[in-house]
Amino acid sequence: MEKDIREDIAWAKINGDVLKSLENPRKLYWVIVFAALAAFGVGVGCEVYQYNVGMGVANLDNPHVWGLYIATFIFWIGMSHSGTLLSAILHLMHADWRKPIYRFAEAMTTFSLMTAGLFVMVHIGRLWQFYYSLPYPNERGIWPNFQSPLLWDAMAIFTYLSSSVIFLYVGMIPDLAIARDNIHAGWRKKLYTLLSLGWEGTDRQWRNFRVTYLTVACFLIPLAVSVHSIVASDFAMSQQPGWHVTSFPPYFVAGALYSGCAAIITLFIILRYVFKFEEYMTLPILKKTVRLTFAIAMVWTYLNAVEFASVWYSHDGASKDVLIQKMTGTYAFAWWGMIFCGSIVPLVLAIKRFQTNIPVLLVVSLLLNLGMWLERWMIVSPTFSHGYYPWTWDHDQWPSLVQWGMVFGSFGWFTLLFMIFCKVFPSVSMYEVKEMVYHRSLHLKKGDTAEQGAH
Amino acid sequence: MSVNNLLENWSQFRHAHPVDDKPHDPYKWAMSIDLDTCTGCNACSVACYAENNLPVVGKEKFAHGQVMHWMRIERYWDEDGRDFPDQGAQFLPMMCQQCEAAPCETVCPVAATNHTADGLNSQIYNRCIGSRYCSANCPFKVRYFNWYDYPTTDNVWPAEMTQQLNPDVSVRGKGVMEKCTFCVQRLHAAKVAAKGEGRIVREGEVQTACQQVCPTNAISFGNLVDPEARVHQQWKAQQVELDKDEQEKDGEHGRSELRGYRILEELRPYPSVMYLERVRESAI
């Protein structure tokens, strides 16, 4: 097995390489930032138009009261899960290879949650009254409805987002101190000084830091599972054919980890190039991520098969009709696209030759995410087009450009946040890479001593 | 916002089961619609537009599925091999079924739709934030969303016609959900009048707009708890009960004389509207 990282990198070089990412990325960085800004602008324009004129411009109707907003909302929520998988679950499992890449994965979690939050906002009809759904003290003595899965949703996401921000921040403190000590004077030095909370690297600080980090990690794991289970409840708890499925929560969580892992591969490739992180984001690490993604892809495929089979062999005629509609109706192209991108394309990842082939992986990871986006769309729309009440069947409803514009804009918003984060904060964890290098060199030394002893 | 309010008063506004939960006393508003007498003339729908200030959205938005008819007449063609114009058609007036265990009520994040003590499924426009989850979970799809700000949209109500809006019914702005209320403003007025005389509303004292205009008297509406009420007698004669989730006659394969049924009963929303099947040839 190739090694995940070279054991002879000097610590000063690690600092230097990572801190360089705060200063001079490749030109492509600015191209990406401006493209993202432009895309986000499109989204903002669409929202302003929709806000002023009414939700009708999204081409939603009765029965299609939900559309791409909800589908894309699930997509972004889902994407957030792999950050937690890499940073918290693998941390507990002492999987060392996560160390150079977990920081950006965790940032991805935070920013995709923020993006998902936007979709809740653009979806609701009276955006200016969104706070009704929060249990805030008010003079009317009114609570929100605790029976509603949407309310659980709002709370779960809010908890997950705040915990993710804390986790991201806590894990970054030693690195912020390094940045503070090395950066030239200016607003950033002030920022790092403030955020590093007077970190000096004393034993006591390290001990407290470890305990805190571990605690937050343990807290975050059940949250990650519950968040997407609750998003799944939005559908599973309803009565509609195609949604009222018991296996939805695990199915959603698997799908979430899947799209998240695919996104990590995409971002891995981009960051590695843009910030010249070839030394740290190494191909063996990419290979491990790819294998993880492949395993999750197969779990997702299995759960898909379980869902189809249980609908097919059930006596629920309406659900079966919806399934047949998905396969053969208006949305057939998207449904089969989902099967192709979600279950067939990942087979490429099983081939050893492609597990470290960057162009192939970039294309594959984007296709996987396309497939997962289609999956969410295929959960939402076909049920509306072919529900219980035949009079309201509507197979010809298509999202308007306003909806597509906002979906497009959300990618811009996410990329913008992510790219700014990577430029302002160290996106590779310096102290953990050092740990990794240290452990490797220790290991090697031990091997050397053993060899010498044998002579 | 006391916890007390949450724990104790909340259950008043929810019904999980139509009978076991809480008795309907002294009112349970219900309806029955005789499909055999319905001619599909749409008068009920028009009356509903006039009574409840429904916006007329125009051809284009109608085609987009953004029409706001609380009361809609559904047309189903007979499939007996004959072609139009010989082909028979059947009509079914459809409006909010005022379910006892309403799927829409539990899912609203802000509790904008609730169950009232007299068995209505109420909608609070001021509380609605427009998540549209209620509509998503409604099996009948009888909830209508204000996709645009209709009161300020051209041609919805020509300027001179704003004078004819019903002052008892609020005009809804954009972004809220609305649906049939069983003409709650009329029910309320009747209840207040009766209360002044120290009694409850008698049969015939209150009519919904659709019932009032129906030329064939296909719609009857009243207090299901009141043995004098026509709707009570009809439900009883048809052996339809509020808490049933299937009718006995369904097991008898068309040999029964009974015609009463409720739509999608098997989902157990316990609708408050009973339909009477057509008996004419083309209905079979």
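In case you missed it, the structure is sitting above this.
Residues numbered from 1 in each chain as written. Chains lettered and ligands numbered in written order. Predicted model: local features only at pLDDT ≥ 70, side-chain atom pairs only at ≥ 80, totals over all residues.

Colleague: Would you explain the overall build of chain B in this entry?
Modeller: Each helix and strand in chain B was counted, giving 8 helices and 10 strands. Taking 19 Å as the expected radius of gyration for a compact globule of 284 residues, we find that chain B reaches 19 Å, a close match to that expectation. Taking the principal axes of the C-alpha coordinates as reference, chain B spans close to 55 × 45 × 40 Å. Pairs at least 24 apart in sequence give 62% of the contacts found in chain B among residues at least 6 apart. (Helix = DSSP H or I, 4+ residues; strand = E, 2+ residues; numbered from the N terminus. Rg over C-alpha atoms; globule rule 2.2 N^0.38 Å. Contact = placed C-beta atoms within 7 Å.)

Colleague: What should I look at first to understand the pairing of strand E8 (residues 219-223) of chain B in this one?
Modeller: Looking down a regular strand, the side chains alternate between one sheet face and the other. Residues and elements named next belong to chain B. When you tally the buried positions in E8, you get 5 out of 5 residues, the bulk of the element. Sheet analysis places strand E1 (residues 29-34) next to E8, joined by 5 bridges and oriented antiparallel. By the bridge assignment for E8, Ser32 is matched with Ser220. (Buried ≥ 20, exposed ≤ 12 C-beta atoms within 10 Å, placed from the backbone. Pairing = 2+ DSSP bridges.)

Colleague: Could you clarify how one ought to interpret the interface of chain A and chain B in this entry?
Modeller: Interfaces are often sized by the accessible area lost when the parts come together. Listed by partner, the interface residues are 41 residues for chain A and 38 residues for chain B. Element by element, the count of residues in the side of chain A that touches chain B is highest for helix H6 (residues 149-182) of chain A, at 4 residues. Per-class residue counts for the side of chain A that touches chain B are 20 nonpolar, 18 polar and 3 charged. (Nonpolar A, V, L, I, M, F, W, Y, C, P; charged D, E, K, R; others polar.)

Colleague: How should I be thinking about the sheet that holds E8(B) in this particular structure?
Modeller: As a general point, the strands of a sheet are linked pairwise by backbone hydrogen bonds and lie either parallel or antiparallel. All names here are of chain B. The strand order across the open sheet built from 4 strands is E8-E1-E10-E9, with neighbouring strands paired in mixed fashion. Of all the strands in the sheet, just E8 and strand E9 (260-261) have a single pairing partner and so form its edges. By the bridge criterion, 4 bridges tie E1 to strand E10 (residues 273-276) in an arrangement that is parallel. Considered in E10, the bridge of Asp34 is made with Leu276. Where helix H8 (residues 230-237) meets the sheet, its contacts fall on E1, E8 and E10, and the angle it forms with E8 comes to roughly 105°. (Axes fitted to C-alpha atoms, helices over the stretch in contact; angles between N-to-C directions.)

Colleague: I tried to follow the pairing of E10(B) on my own but got confused; where do I start?
Modeller: All names here are of chain B. Alternating residues of E10 divide into Val273 and Tyr275 and Met274 and Leu276, and every residue in both groups is buried. Bridge count for E9 against E10 is 2 bridges, and the pairing is antiparallel. Residue pairing across strands places Tyr261 opposite Tyr275, the latter belonging to E10.

Colleague: Please explain the nonpolar core as it appears in this structure.
Modeller: Nonpolar side chains in soluble globular proteins tend to end up buried together. Residues and elements named next belong to chain A. If you look at the biggest cluster of nonpolar residues, it comprises 193 residues, and the most contacted ones within it are Ile77 and Met108. Here this core takes 17 residues from helix H9 (residues 248-274), the largest share from any one element. Other than its neighbours up to four places away in sequence, Ile77 contacts Leu113, Ala116, Ile157, Val227, His228, Val231 and Ala256. With 5 residues, the next largest nonpolar core counts Val311, Ala318, Leu323 and Tyr388 among its residues. (Core = buried A, V, L, I, M, F, W, Y, C linked by C-beta atoms within 7 Å.)

Colleague: What is the right way to look at helix H2 (residues 27-53) of chain A in this model?
Modeller: Quick reminder: α-helices carry 3.6 residues per turn. Residues three or four places apart thus point the same way. All names here are of chain A. Compared with the 39 Å implied by 1.5 Å per residue over 27 residues, the 40 Å span of H2 between its first and last C-alpha is a close match. Of the residues making up H2, those classed as buried are Ala36, Ala39, Phe40, Gly43, Cys46 and Gln50. Where H2 is buried, its residues touch helix H14 (401-424). Where H2 terminates, the next one or two residues include Gly54, which has phi positive at roughly 130°. (Expected span 1.5 Å × (residues − 1).)

Colleague: What is the right way to look at unusual backbone geometry in this model?
Modeller: Most peptide bonds take the trans configuration, and most residues that are not glycine carry a negative phi. For the peptide bond that leads from A:Asn62 to A:Pro63, omega is 10°, which places it in the cis range. When you line up the elements, A:Pro63 lands in the loop between H2 and helix H3 (68-79). For the bond running from B:Phe84 to B:Pro85, omega is 5°, close enough to zero to count as cis. Of note, B:Pro85 is situated in the loop between strand E2 (72-77) and strand E3 (89-94).

Colleague: I'm lost on helix H10 (residues 283-312) of chain A in this one. Help?
Modeller: All names here are of chain A. In this model H10 runs 43 Å from its N-terminal to its C-terminal C-alpha over 30 residues, within 8% of the 44 Å that 1.5 Å per residue would give. Buried within H10 we find Ile285, Leu286, Thr289, Val290, Leu292, Thr293, Ile296, Ala297, Trp300 and Val311. If you follow the buried residues of H10, they end up packed against H9, helix H11 (317-328), helix H12 (332-344) and helix H13 (358-385).

Colleague: What is the right way to read the packing of H3(A) against helix H8 (residues 203-236) of chain A from this model?
Modeller: Relative placement of two packed helices is described by the angle separating their axes and the distance separating the axes. Residue and element names in this part refer to chain A. Across the interface, H3 lies against H8 with an axial gap of 10 Å and an inter-helix angle of 165°. The orientation of H3 with respect to H8, classified from their angle, is roughly antiparallel. Here H3 runs over H8; the crossing is left-handed. Contact residues: H3 offers Ile74, Ile77 and Gly78, while H8 offers Val227, His228 and Val231. Of the residues contributing to the contact of H3 with H8, the split by class is 4 nonpolar, 2 polar and no charged. (Parallel < 35°, antiparallel > 145°, perpendicular 65-115°, else oblique. Left-handed = near helix turned anticlockwise from the far one by under 90°.)

Colleague: I'm lost on the environment of A:Leu292 in this one. Help?
Modeller: Residues and elements named next belong to chain A. Mapped onto the fold, Leu292 is located in helix H10. Take Leu292: there are 22 C-beta atoms within 10 Å of it, and that puts it in the buried class. Separated by 214 residues in sequence, Leu292 and Gly78 have C-alpha atoms that sit 16 Å apart.

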